[in-house]
Amino acid sequence: MNNKTIIFSTIFFLMLSFVFLAIVEKKASDPNNQNIWMLYFENPQNQAIDFKIENHSSNVSFHWQFAADKTIIKEGNAIVSLGETKNIPVSISVPELAGKKITISVTSDSKVKEIYKNFP
Amino acid sequence: MLSFISSQFSFFLTLGLILFVPGLCLIAATGLQRNFSSLEKFILSFSLSIIVVDFILILIGKSGFTINHLNILGALTIFGAVCLGIYMYRKNADTKKSTEKTSDNLPAKSSLLVIILIFLTIFIKTIYLQDVIFPTATDMGHHMYWTKTIATTGALPKYEKADILQDNTVSKPAPIADFIIGEHLIFAAIAIISGAQFISAFPILVLFLINVMSVLAIFILTKELFKDSKNVNLISILALFLVGPLYALASPQAKFVSGGVIGNTIGNLFIPMTLLLFLRAFKEKKSTYFALAVFIALGMAYTHHLSTFVFIFIAFFSLLIFGALNFKELKTYCAQWLKLVFSPAVLAIFALAIVFVFFIYTPTYLNSSAINTAVGAPSKASRAGLTLTQLKSTAGEARFALAAVAIVILLLAKKMDKYPRAFLLGWTISLSIMSLRPDWLFVDIPSDRIASYVIFPSAIAAAYGFVFIFSKIKTANPEKNYLKQSLLFYCFFVLITFFAVSGFYENSMALNTGNNAKEAIQTYAASTYLAGKLKANDFVLKDHNYLTGDSWVKLFFMRGYNFPFSRGYFKRYQDDTKTREQCTNNMISLPSSPEAQKCFAGTKIDFVMLNPNNDAAQFNRLNDFWQVYTADNIAVFYKAK
């Protein structure tokens, strides 16, 4: 047996390992495999309060509440399927909210996430 | 699925093209292709390719051309054609002189054993890497920022960063000596040619390949060191066993791969390859080997300063020990060495080195402040040297014990070939002193970093010591030998088991219980969100303590090495030796404090990325901060204007 057998075996083992690791990484890098969801404002810097729910979890039902200080002004349900991002527009006149803390709370599978803006 | 297959195909093709072809061409041009076995050529071509590609990319960048797909392939084609031309010319000129081809053969059982050991090495490392293959490591994130800079700008990177000054403002970017171009060019070339994504498995896979090559380099170097021994195959296979499947995960092996310790990993390949070529040059008195060794040493200097520094000490100690052991014939040897050095091939490489260092690209660490931080009396406790127990733990207990015995045997082994003996002693002793008593050599570098280099010579020495002891007992006169052959056989296996248990135990200690991809994906998703919303006058701060994969965040912005600024480990803010900026800590830990408010005003930071489970409370109480993004492990706050 010569060195070439060792070389070709090494290349073969490495290729197998690399393909396996690449598949593992590809699976891990897919957020849809991680059971997570995110909540964020469409525009973080101005007073717009439209928000988005980005869902990478198996739960597709979301309940949202829009509150000014601690008073609930609006609420609703949203169905966001796996891998989907849903924009939820909130049409409220900004002057009405002056000086208040505007909070968006979203609940899914008993987990609550909040984002907020403090209006001047 | 089809895109995955095509990306894999493209990646493998690129690895072949970038990491083997240039080196093979260079070996052909030197006329040494018949002097190396296939395995030596395989590993040498890989090592040389890294350096050739580095220098070609530096030349492209410095000549004003863009470092892109077309120019890299064009330059490599020209390089290949020149090498081929030299090869053809040599072939025609040397028709009368036919060198005997170096034997490729290993006994079938030995080959099979080598293949099994390589399989085990790759298998164990793969098992470990599957949990960390999704990129999150801090060092790798830093390195990939510079690599992406090369790939996206098409130019060599300017290693500089902006810092927060004492008056709470941001400085203009200033040069940094922490990074070396050779750590990034090879990754940039592979990314550009293959189109691989930076946040993917590709950086770790390339580093894994380099690590496996360094293990094989130890195997071929051991073969070279003990070429004249009748037990050469046994010693080299045992060295492969000690450095391959055993202790396969601890630093500087798979842990350095997953951690993105690029310079060290490449250095661990270049050091044995340089020693192999120097050994051949001295033993066979052939200047071409010497020239190739100097070429790899030059490549090492463009890749990793610590490895180069360590190599200088190894070379110095090897020569010192050789001189001490062969004092009477030293004059003759010096004449031979001078003849090697003052040969056209070696002088040409020295000239290339001078031109590159002084006129084309000076490595960033070649400035007085960087040199002063590495040389001198140890400045911190972590640089004052390890205890013997710490060194034993780094080198691996069983490996260390036998290596210590082997050093004594080597010192007394007068019959052994002079050069291998001096090289192995010089390599092991220099690293041991640098790790245990750095003050003796005026070395001011973290001792554990130096100690990580000890494992390779220890493995070789341990393998030699093991085989030496058993071969001595076995070949002793049976009448005088009070040990039965069967008892000897059992002792052999007991000792091998001791090695295996020690090595595999270390492997098991290093295995992860899970991965942190879930947390890192959230960090990257928030970074993608923020990158899409940021304007030129927005600045970001993120936390390094509780966010996963945070060093990769800058790859989403590509607005500077320190963009976003980072709250580092808390201990870094307490330094009695110098004043550290406190802004990055205050702005997250105490955002309402007057100090933090001054920092926000001075740095213009208006977005903060942090882990809501640890740091959201102090922001939730403040009216001028809005929480604009949230996930389980990351939140983004905006400082309203």
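Residues numbered from 1 in each chain as written. Chains lettered and ligands numbered in written order. Predicted model: local features only at pLDDT ≥ 70, side-chain atom pairs only at ≥ 80, totals over all residues.

Undergrad: Would you take a moment to explain the overall build of chain A for this structure?
TA: Counting its secondary structure elements, chain A contains 1 helix and 7 strands. The N-to-C order of helical and strand elements in chain A reads α-β-β-β-β-β-β-β. Since a compact globule built from 120 residues should have a radius of gyration of about 14 Å, the 23 Å found for chain A marks it as more spread out than a globular shape. Structurally, chain A occupies a C-alpha span of about 85 × 25 × 20 Å along its principal axes. Sequence separation of at least 24 residues holds for 50% of the intrachain contacts in chain A that already meet a minimum separation of 6. (Helix = DSSP H or I, 4+ residues; strand = E, 2+ residues; numbered from the N terminus. Rg over C-alpha atoms; globule rule 2.2 N^0.38 Å. Contact = placed C-beta atoms within 7 Å.)

Undergrad: Would you explain the overall build of chain B in this entry?
TA: For chain B, the helix and strand inventory stands at 28 helices and 7 strands. At 27 Å, chain B has a C-alpha radius of gyration in line with the 26 Å of a compact globule built from 641 residues. Expressed as lengths along the three principal axes of its C-alpha atoms, the size of chain B is roughly 90 × 60 × 55 Å. Residues counted as buried form 50% of the 641 residues belonging to chain B. In chain B, the proportion of contacts linking residues at least 24 apart, taken out of those at least 6 apart, comes to 75%. (Buried ≥ 20, exposed ≤ 12 C-beta atoms within 10 Å, placed from the backbone.)

Undergrad: Would you mind going over the interface of chain A and chain B with me for this structure?
TA: When the parts come together, some accessible area is lost, and that loss is often what is quoted as the size of the interface. Residue-level contacts link 38 residues of chain A with 45 residues of chain B. Listing elements by their share of the side of chain A that touches chain B, those giving two or more residues are helix H1 (3-28), strand S1 (36-41) and strand S7 (111-118) of chain A. A per-element tally of the side of chain A that touches chain B places H1(A) first, with 20 residues. Of the residues that constitute the side of chain A that touches chain B, the class distribution is 22 nonpolar, 10 polar and 6 charged. As paired elements, S1(A) and strand S6 (residues 625-630) of chain B share 2 bridges and run antiparallel to each other. Counted as the bridge partner of A:Tyr40 is B:Tyr629 from S6(B). (Nonpolar A, V, L, I, M, F, W, Y, C, P; charged D, E, K, R; others polar. Pairing = 2+ DSSP bridges.)

Undergrad: Honestly, the packing of helix H11 (residues 262-284) of chain B against helix H19 (residues 418-436) of chain B in this entry has me stumped. Any pointers?
TA: The description of two packed helices rests on the angle between their axes and on the distance between the axes. Residues and elements named next belong to chain B. Running from amino to carboxyl end, H11 crosses H19 at an angle of 150°, the nearest separation of the two axes being 10 Å. The orientation of H11 with respect to H19, classified from their angle, is roughly antiparallel. The way H11 lies across H19 gives a crossing that is right-handed. Between H11 and H19, the contacting residues are Leu-275, Leu-279, Phe-282 and Lys-283 on the first element and Tyr-419, Pro-420, Phe-423 and Trp-427 on the second. (Axes fitted to C-alpha atoms, helices over the stretch in contact; angles between N-to-C directions. Parallel < 35°, antiparallel > 145°, perpendicular 65-115°, else oblique. Left-handed = near helix turned anticlockwise from the far one by under 90°.)

Undergrad: Mind showing me how you'd approach the pairing of strand S5 (residues 605-610) of chain B here?
TA: Along any regular strand, the residues point their side chains to alternate faces of the sheet. All names here are of chain B. The element S5 is largely enclosed, with a buried count of 6 among its 6 residues. Summarising the sheet, strand S3 (residues 539-543) and S5 pair through 4 bridges and their orientation is parallel. Opposite Phe-539, over in S5, you have Ile-605 as the bridge partner. For S5 and strand S7 (residues 635-639), the ladder comprises 4 bridges, and the chain directions are antiparallel.

Undergrad: Looking at this model, I keep getting lost on the pairing of S6(B). Mind explaining?
TA: Residue and element names in this part refer to chain B. Taking burial as the measure, the 6 residues of S6 include 6 buried ones, the bulk of the element. Where S6 lies against S7, 5 bridges are found, and the strand directions are antiparallel. Paired with Gln-627 across the strands is Phe-637, a residue of S7. Between S6 and S7, which pair antiparallel in sequence order, lie 4 residues.

Undergrad: Can you walk me through helix H2 (residues 21-30) of chain B in this structure?
TA: For an α-helix the count is 3.6 residues per turn, leaving residues at separations of three or four pointing the same way. Residue and element names in this part refer to chain B. The element H2 is largely enclosed, with a buried count of 7 among its 10 residues. For H2, every residue scored as buried is listed here: Pro-22, Gly-23, Cys-25, Leu-26, Ile-27, Ala-28 and Ala-29. Among the structural elements, helix H3 (38-62) and helix H4 (69-93) are those in contact with the buried residues of H2. Downstream of H2 by one or two residues, Gly-31 has phi in the positive range, about 75°.

Undergrad: Explain the domain arrangement of chain A here, please?
TA: Domain annotation of chain A identifies domain 1 (1-33) and domain 2 (35-118). For domain 1 of chain A versus domain 2 of chain A, the separation of C-alpha centres amounts to 43 Å. (Domains from an automatic or database assignment.)

Undergrad: Before we go on, may I ask you to explain unusual backbone geometry in this structure?
TA: Backbone geometry follows two general trends: most residues other than glycine have a negative phi, and most peptide bonds adopt the trans configuration. Here B:Ser251 and B:Pro252 are connected by a cis peptide whose omega angle stands at 5°. Looking at the element boundaries, B:Pro252 is found in the loop between helix H9 (232-243) and helix H10 (254-259). A positive phi angle, near 50°, is found at A:Asp69, a position not held by glycine. Note on placement: A:Asp69 falls in the loop between strand S3 (61-68) and strand S4 (71-79). Overall, the presence of 11 C-beta atoms within 10 Å leaves A:Asp69 in the exposed class. Despite not being glycine, B:Tyr247 has its phi angle at roughly 50°, a positive value. Take B:Tyr247: it is sitting in the loop between H9 and H10. Since 29 C-beta atoms lie within 10 Å of it, B:Tyr247 is described here as buried.

Undergrad: Looking at this model, I keep getting lost on the nonpolar core. Mind explaining?
TA: As a rule of thumb, soluble globular proteins bury nonpolar side chains together. Residues and elements named next belong to chain B. The biggest cluster of nonpolar side chains holds 234 residues, and the ones touching the most others in it are Ala-189, Ala-239 and Ala-463. In terms of residue count, helix H8 (residues 202-225) provides more of this core than any other element does, 17 residues in total. Excluding residues that lie within four positions of it along the chain, Ala-189 makes contacts with Ile-18, Val-53, Leu-57 and Ile-72. (Core = buried A, V, L, I, M, F, W, Y, C linked by C-beta atoms within 7 Å.)

Undergrad: Even after reading the chapter, I still don't get the environment of B:Thr362, so can you show me in this structure?
TA: Residues and elements named next belong to chain B. Relative to the elements of secondary structure, Thr-362 occurs in the loop between helix H15 (344-360) and helix H16 (368-374). Exposure remark for Thr-362: the 12 C-beta atoms within 10 Å place this residue in the exposed category. Separated by 79 residues in sequence, Thr-362 and Leu-441 have C-alpha atoms that sit 26 Å apart.

Undergrad: What exactly am I supposed to notice about helix H1 (residues 2-19) of chain B here?
TA: Residues and elements named next belong to chain B. The end-to-end C-alpha distance of H1 is 25 Å, a good match for the 26 Å that 18 residues give at a rise of 1.5 Å each. Buried within H1 are the following residues: Phe-11, Thr-14, Leu-15, Ile-18 and Leu-19. Viewed end-on, H1 has its buried residues packed into an arc of 105°, placing them on one side of the element. Away from the buried face of H1 by more than 90 degrees, exposed residues Leu-2, Ile-5, Ser-6, Phe-9, Leu-13 and Gly-16 are located. The inward-facing, buried residues of H1 abut H3, helix H7 (182-194) and H8. (Expected span 1.5 Å × (residues − 1). Arc of directions from axis to C-beta.)

Undergrad: Looking at this structure, how should I read the environment of B:Phe278?
TA: Residues and elements named next belong to chain B. Its location among the elements puts Phe-278 in helix H11. Its 23 C-beta neighbours within 10 Å are what place Phe-278 among the buried residues. A sequence separation of 141 residues divides Phe-278 from Tyr-419, and the C-alpha atoms of the two residues are 9.6 Å apart. Excluding anything up to four places from it in sequence, Phe-278 contacts Phe-290 and Ala-293.

Undergrad: I'm lost on the confidence of the model for chain B in this one. Help?
TA: Detailed reading of the predicted coordinates is not advisable wherever pLDDT falls low. Residue and element names in this part refer to chain B. Averaged over every residue, the pLDDT of chain B is 91; residues scoring 70 or more account for 94%. Element-level pLDDT for chain B is lowest in H16, with a mean of 58, against a maximum mean of 98 in helix H24 (residues 554-557). Reported confidences for the modelled complex are a pTM of 0.94 and an ipTM of 0.95. (pLDDT = per-residue confidence, 0-100.)

Undergrad: For this particular structure, what's the right way to read the packing of H3(B) against H8(B)?
TA: Residues and elements named next belong to chain B. Contact geometry for H3 and H8: axes closest at 10 Å, N-to-C directions at 135°. Classified by the angle between their axes, H3 and H8 sit oblique to one another. H3 and H8 meet at a crossing whose hand is left-handed. Residues Leu-39, Glu-40, Ile-43 and Phe-46 of H3 pack against Met-213, Leu-216, Ala-217 and Ile-220 of H8. Considered class by class, the residues forming the contact of H3 with H8 number 7 nonpolar, no polar and 1 charged.

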